[in-house]
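Take a look at the letters that make up each chain.
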Amino acid sequence: MNVSVFLEPAHEGWTAVDHREDYWKKISGSGSIKRKQVKRTEQNGMALLEFFIPEFESVPVRQKSINAFLVRDGLWIDVHLSKDQFEKEDQELFEQVVASIRFED
């Protein structure tokens, strides 16, 4: 599994859901990548975006991705999890990592 964390200034007044929807609008317009099994949910103060990419440029990749969006103290945080050659049994690892995301003072 690959994990990336991005921190950017949040748009004033935007929630995690607003940032997720803006991100989805940007990436869903990309015609070269076909995302399937798209789910948009909220969990523990995070806005989640989950999708599956079966292939890229006719090459099977079976990539699962989850983005967890958070907003705090003027920052927009995107925790991106992805795994190529995803299998059903990998779902538990994704859920464990998402459940571990939190802020500590």
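If you're wondering where the values come from, they're calculated on a predicted model, not measured in any experiment. (Residues numbered from 1 in each chain as written. Predicted model: local features only at pLDDT ≥ 70, side-chain atom pairs only at ≥ 80, totals over all residues. Heavy atoms only, no water.)

Visitor: Any chance you could explain the overall build of the protein here in plain terms?
Guide: The helix and strand tally for the protein stands at two helices and five strands. Reading the protein from its N terminus to its C terminus gives the helix and strand order β-α-β-β-β-β-α. For 105 residues, the compact-globule estimate of 2.2 N^0.38 gives 13 Å, and the protein sits close to it at 14 Å. Projecting the C-alpha coordinates of the protein onto the three principal axes gives extents of approximately 40 × 30 × 20 Å. Counting all 105 residues of the protein, 34% fall into the buried class. Within the protein, contacts between residues at least 6 apart in sequence are counted, and of these 44% link residues at least 24 apart. Summed over its atoms, the accessible surface of the protein is roughly 6800 Å², and 50% of this surface lies on carbon and sulfur atoms. In the protein, which carries 14 positive and 19 negative side-chain charges, the distance between the mean positions of the two groups comes to 6 Å. (Helix = DSSP H or I, 4+ residues; strand = E, 2+ residues; numbered from the N terminus. Rg over C-alpha atoms; globule rule 2.2 N^0.38 Å. Buried < 20%, exposed > 50% of the residue type's maximum accessible area, 1.4 Å probe, protein only. Contact = heavy atoms within 4.5 Å. Areas by Shrake-Rupley, 256 points an atom, 1.4 Å probe, with all protein chains shown as cover. Lys, Arg positive; Asp, Glu negative; His and termini not counted. Charge placed at Lys NZ, Arg CZ, Asp CG, Glu CD.)

Visitor: Can you walk me through the pairing of strand S2 (residues 36–43) in this structure?
Guide: A regular strand places its side chains so that they alternate between the two faces of the sheet. Sheet analysis places S2 next to strand S3 (residues 46–56), joined by six bridges and oriented antiparallel. Counted as the bridge partner of Lys-39 is Glu-50 from S3. Connecting S2 to the antiparallel partner S3 that follows it, the hairpin turn spans two residues, and Asn-44 within it adopts a positive phi of roughly 50°. (Pairing = 2+ DSSP bridges.)

Visitor: Explanation requested: the pairing of strand S5 (residues 75–83) in the structure shown.
Guide: Buried residues dominate S5, accounting for seven of its nine residues. With eight bridges connecting them, strand S1 (residues 2–9) and S5 associate as antiparallel partners. Residue Glu-8 lies in a different strand from S5, and its bridge partner there is Trp-76. Of the pairings in the sheet, the one linking strand S4 (residues 59–72) to S5 comprises nine bridges and is antiparallel in character. In the sheet register, Asn-67 faces S5, and the bridge partner there is His-80. Connecting S4 to the next strand, S5, in antiparallel fashion are two residues, including Asp-73 with a positive phi near 50°.

Visitor: For this particular structure, what's the right way to read the nonpolar core?
Guide: Taken as a class, soluble globular proteins show a tendency for nonpolar side chains to be buried jointly. Membership of the largest hydrophobic core comes to 13 residues, with the highest contact counts inside it found for Met-46, Ala-68, Leu-70, Val-79, Val-98 and Ile-101. For Val-98, the residues in contact, after removing those within four places along its chain, are Gln-43, Met-46, Leu-48, Ile-66 and Leu-81. If you look at the next biggest cluster of nonpolar residues, it comprises 10 residues, including Ala-16, Ile-27, Leu-49 and Ile-53. (Core = buried A, V, L, I, M, F, W, Y, C linked by side-chain atoms within 4.5 Å.)

Visitor: Please clarify how helix H1 (residues 16–28) should be interpreted in this entry.
Guide: Because an α-helix completes one turn every 3.6 residues, residues spaced three or four positions apart along the sequence face the same direction. Between its first and last C-alpha atoms H1 spans 18 Å; for 13 residues at 1.5 Å apiece the expected length is 18 Å, and the two agree. If you check which residues of H1 are buried, you get Ala-16, His-19, Arg-20, Asp-22, Trp-24 and Ile-27. Summarising the contacts, the buried residues of H1 are in contact with S2, S3, S4 and S5. (Expected span 1.5 Å × (residues − 1).)

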